[in-house]
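Chain by chain, the residues:
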Amino acid sequence: MNMTDLFSQIKEERLIGWMEKLINTPSVVGYYPEIHHLLEEFADEYGYEVLYDNRHTAYIYLNGKDETNTVVVGAHLDTIGMVVRSIAENGWLNVRNLGGVNFHSVEGENVYVHTRHNETYSGMLINQSHSVHVFDDARSRERDFAEMAIVLDEDVRTKEQTEALGVRPGDLVSVEPRFVTTDSGYIKSRHIDDKANVAVLFEVLALLAKNNLKPAYNTYFAFPINEEIGMGGRFVPADANEYLALDIGLVGGQQSGDEKKVSICAADRVTPYDWGLTTELFDLAEKYEIGAVMDIFYRYSSDASAAYQADNNLAPACIGMGCMTSHGYERTHKDGVFNTVKLALAYLLDRSMQSKEF
Ligand SMILES: [Zn+2]
């Protein structure tokens, strides 16, 4: 089959549909029950099996044409969010961040407190000086975890009443994503990092299944649940010799990224990515006329650099669609998403760099 024919089968409705479902399913760092259920629903539809390691990283494994090589292609399921630190005397919740939360961007947002026994309570994240009519420092008070609180949407006025709901320290808190698409092709939502790339891998897996295609090498599609705290990808199945992480590209300042393109990350905070593999990705983008840029992300790490840092014997690489306002209310464009699907397909299917056939 010709790569261009395969690219023409990328289906916007399916891809954006899964992205919306993924984004609307809470999966703050370490909270996997709901998102694993959705992953299994996807896998069932296309005849795949989901496997888990003891860290609750999920895998879909495919045999390759050449079974002497094994690679990992990963996108993390987890999102930034919060964990309940304590319950205040007035019944409000004090929190700590999980991952790089910018509290300026979540003030006033609806949040969901996931308790140990399957109850989820909605609430609102507020600054302690929450009203300009009441507090002199409503505008100037710092916006960081120590100055914020969650007010539950329940009739609770005391610590005891909140505890009676089953809420406890250690409960995990997810944030309302507010997924929106526009006629001009933009996608606006929290957690485009990294659900947009999980959706990319779903589209890749759907296309492989529909066309009965094997990847060039044995491939683990890996979905960690703790990337945002630097732990995703640290464990890698022993037989893997490459880790391609799909994670967001950065936009603005000195970044080369663009919401309509796929960024190929040449280096991040941890390490330069593998020279040969990164060059191969660049050459694949040229060969198949995929809108791509080379860039470095110095306030950033990925599942692949985490895998490399954890002394796994593998070559790391990282690609992903350009994403504006990262770790806030984020934005990307469907063209950047499609370009990421194309580059992931090219990487999985064409390791020859010789011809347009595979
Ligand atoms: Zn990410």
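Sequence positions are assigned chain by chain, starting from 1 and proceeding in written order. Local features in this predicted model are restricted to residues whose pLDDT is 70 or higher, and side-chain atom pairs enter the listing and the counts only when it is 80 or higher, whereas totals over whole chains, interfaces and linings include all residues. Water and hydrogen atoms play no part in the side-chain values, which are based on all heavy atoms of the structure.

Novice: Report on helix 6 (residues 275–287), specifying residues and quantitative values.
Specialist: Helical geometry note: an α-helix holds 3.6 residues per turn, so side chains three or four residues apart project in the same direction. With 13 residues, helix 6 extends 18 Å between its outermost C-alpha atoms, agreeing within 8% with the 18 Å of an ideal straight helix rising 1.5 Å per residue. Exposure classes here rest on a 1.4 Å probe applied to the protein chains alone. A residue is buried below 20% of its type maximum, exposed above 50%, and partly exposed in between. Going along the chain from the N terminus, every DSSP run of H or I of four or more residues is numbered as a helix, and every run of E of two or more is numbered as a strand. Looking only at helix 6, the buried set comprises Leu277, Thr278, Glu280, Leu281, Leu284, Ala285 and Lys287. Any two residues whose heavy atoms approach within 4.5 Å at even a single point are treated as in contact. Looking at the buried side of helix 6, the elements it contacts are strand 13 (242–246), strand 15 (262–268), strand 16 (292–297), strand 17 (315–323) and helix 8 (334–349). Contacts described as polar in this section are N or O atom pairs within 3.5 Å, which, within protein, must combine one atom able to donate a hydrogen with one able to accept it, while residues neighboring in sequence count only if both atoms come from side chains. Capping of helix 6 at its N-terminal end is provided by Asp274; its side-chain oxygen lies 3.3 Å from the backbone amide nitrogen of Gly276. In the segment just after helix 6, Glu289 is the residue with positive phi, at about 50 degrees. The length a helix should cover is 1.5 Å for every residue beyond the first.

Novice: Quick rundown of unusual backbone geometry? Include the residues and the values.
Specialist: Backbone torsion omega between Asp193 and Asp194 reads 5 degrees, so that peptide bond is classified as cis. Note that Asp194 resides in helix 5 (residues 192–210). One non-glycine residue, Asn212, lies in the positive phi region at around 55 degrees. Inspection of the secondary structure assignment puts Asn212 in the loop between helix 5 and strand 12 (217–223). We classify Asn212 as exposed; its relative accessible area is 74%. Backbone geometry places Thr325, a non-glycine residue, at a positive phi of 50 degrees.

Novice: Report on the side chain of Ser305, specifying residues and quantitative values.
Specialist: As for its position among the elements, Ser305 is in helix 7 (residues 303–309). One polar contact links the side chain of Ser305 to the main-chain amide nitrogen of Ser302, over a distance of 2.9 Å. Ignoring any residue separated from it by four or fewer positions in sequence, one finds Ser305 in contact with Asp268, Val270, Thr271 and Tyr273.

Novice: Explain the confidence of the model for the chain to me, using residue names and the numbers behind them.
Specialist: Summary statistics for the chain give a mean pLDDT of 96 and a share of 98% for residues scoring 70 or more. Confidence of the predictor in every single residue is expressed as pLDDT, which spans 0 to 100. In this model, residues 354–358 is a region of pLDDT below 50 whose contacts with residues beyond four sequence positions or in other chains number 18 contacts.

Novice: Summarise the nonpolar core; cite the residues concerned and give the values.
Specialist: Think of a nonpolar core as a cluster: buried Ala, Val, Leu, Ile, Met, Phe, Trp, Tyr and Cys residues, connected wherever their side-chain atoms sit within 4.5 Å. Ile60, Phe221 and Phe223 are the most contacted members of the largest nonpolar core, which totals 88 residues. It is helix 5 that contributes the most residues to this core, 12 residues altogether. In this structure, Val84, Val111, Leu152 and Val167 belong to the second largest nonpolar core, which totals 21 residues.

Novice: Lay out the layout of surface pockets in plain terms, naming residues and giving numbers.
Specialist: Cavities and pockets were defined on a 1 Å grid built over protein atoms only: a cavity is a set of grid points that admits a 1.4 Å probe from which the probe cannot escape, a pocket is an open set flanked by protein on both sides within 12 Å along at least five of seven lines, and lining residues are those with an atom within 4 Å of any such point. Grid points are joined across faces, edges and corners, and a volume is the space filled by probe spheres set on the points. Taken as a whole, the largest pocket encloses approximately 560 Å³ of empty space. Classification convention: Asp, Glu, Lys, Arg as charged; Ala, Val, Leu, Ile, Met, Phe, Trp, Tyr, Cys, Pro as nonpolar; all other residues, Gly among them, as polar. When its residues are assigned to classes, the lining of the largest pocket shows 8 nonpolar, 11 polar and 6 charged. Lining the second largest pocket we find Gly30, Tyr31, Tyr32, Pro33, His114, Thr115, Arg116, Gly170, Asp171 and Leu172. Considered class by class, the residues forming the lining of the second largest pocket number 4 nonpolar, 4 polar and 2 charged. Domain borders in the structure are assigned automatically or taken from a domain database. Residue assignment places the lining of the second largest pocket across two domains, with domain 1 (3–79 + 191–349) and domain 2 (81–175) each supplying three or more.

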